[in-house]
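Fold and contact review
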Amino acid sequence: MLVFNKKTEFSDLTYESFAAICKACTKCALHETRTQVVVGTGPVPCDVMVIGEGPGEQEDLHGKPFIGKAGQLLTKIFESAGIERETQVYITNTVKCRPPKNRTPFASEMEACKPYLIRQIQLVQPKILILLGAPSLRDVLEESLPISKVRGQWYKVPVDYMTEPFYIMPMLHPSYLLRKQSKEKGSPKWLTLQDMLEVKTTMGFYKTL
Ligand code: URA
């Protein structure tokens, strides 16, 4: 499991300074092919944080995560579960620069980007973390678990910024869902909506504390 409290070179930075340094990053070769760094969007702090895989073409062009087709589907899933993306979710990725041809980020690239992700989590202070797809699952849980087996399960992790445990849920990646038409009960899209409804319920639980 990622050590959320870990001290990194960015530990003392405010969100603005962190984002400025991140935008100029040259830690791995992805900086050579990117148009721009996609740091993340959403309120800081924020109760719900999403970690996707890496920016795609649209994200690289516009500097915002999940704005292409997969992102539009993600927004719809949030809406269907009664969650407002703009105001209630902070969204980022395991790597902040687009991998060429949208390939899966290399382990070395995710490793180079990890201090940014750790600082981002420390600044956003989410109560619920959604991991979209296998690379994100691997990056945060640091285990090779099949996403189809663990999606929809809560992982509860103690963190020092709150007394209740931190809730982590792996979910299917919206790019995968785009390739699945069915919305029937038991289909990947249906399962993901159930997972998001579970997130919505847990958001309510935190409000009552
Ligand atoms: N897919 C991702 O994993 N992240 C994005 O930002 C866009 C598509």
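What you are looking at is a predicted structure, and each value in this text was computed from that prediction instead of being measured.

Looking now at the packing of aromatic side chains. Taken as a whole, this structure holds 6 aromatic pairs when the rule is applied. Between Tyr15 and Phe18, the ring centres sit 5.7 Å apart and the planes meet at 55°, which makes this aromatic pair tilted. Residue Tyr15 and its partner Phe18 are located together in helix α1 (residues 15-23), separated by 3 residues, close to a single helical turn. This pair shows no difference in class: Tyr15 is buried, exactly as Phe18 is. With centroids separated by 6.1 Å and ring planes inclined at 85°, the aromatic side chains of Tyr15 and Tyr90 adopt a geometry described as edge-to-face. One end of the pair, Tyr15, is in helix α1; the other, Tyr90, is in strand β2 (residues 89-93), and 75 residues separate them in sequence. Each of the two residues, Tyr15 as well as Tyr90, counts as buried. Among the aromatic residues, those joined into a ring-pair cluster are Phe10, Tyr15, Phe18, Tyr90 and Tyr116.

Parameters and conventions
- Residues numbered from 1 in each chain as written.
- Predicted model: local features only at pLDDT ≥ 70, side-chain atom pairs only at ≥ 80, totals over all residues.
- Heavy atoms only, no water.
- Phe/Tyr/Trp six-rings, centres within 6.5 Å; stacked < 30°, edge-to-face > 60°.
- Helix = DSSP H or I, 4+ residues; strand = E, 2+ residues; numbered from the N terminus.
- Buried < 20%, exposed > 50% of the residue type's maximum accessible area, 1.4 Å probe, protein only.

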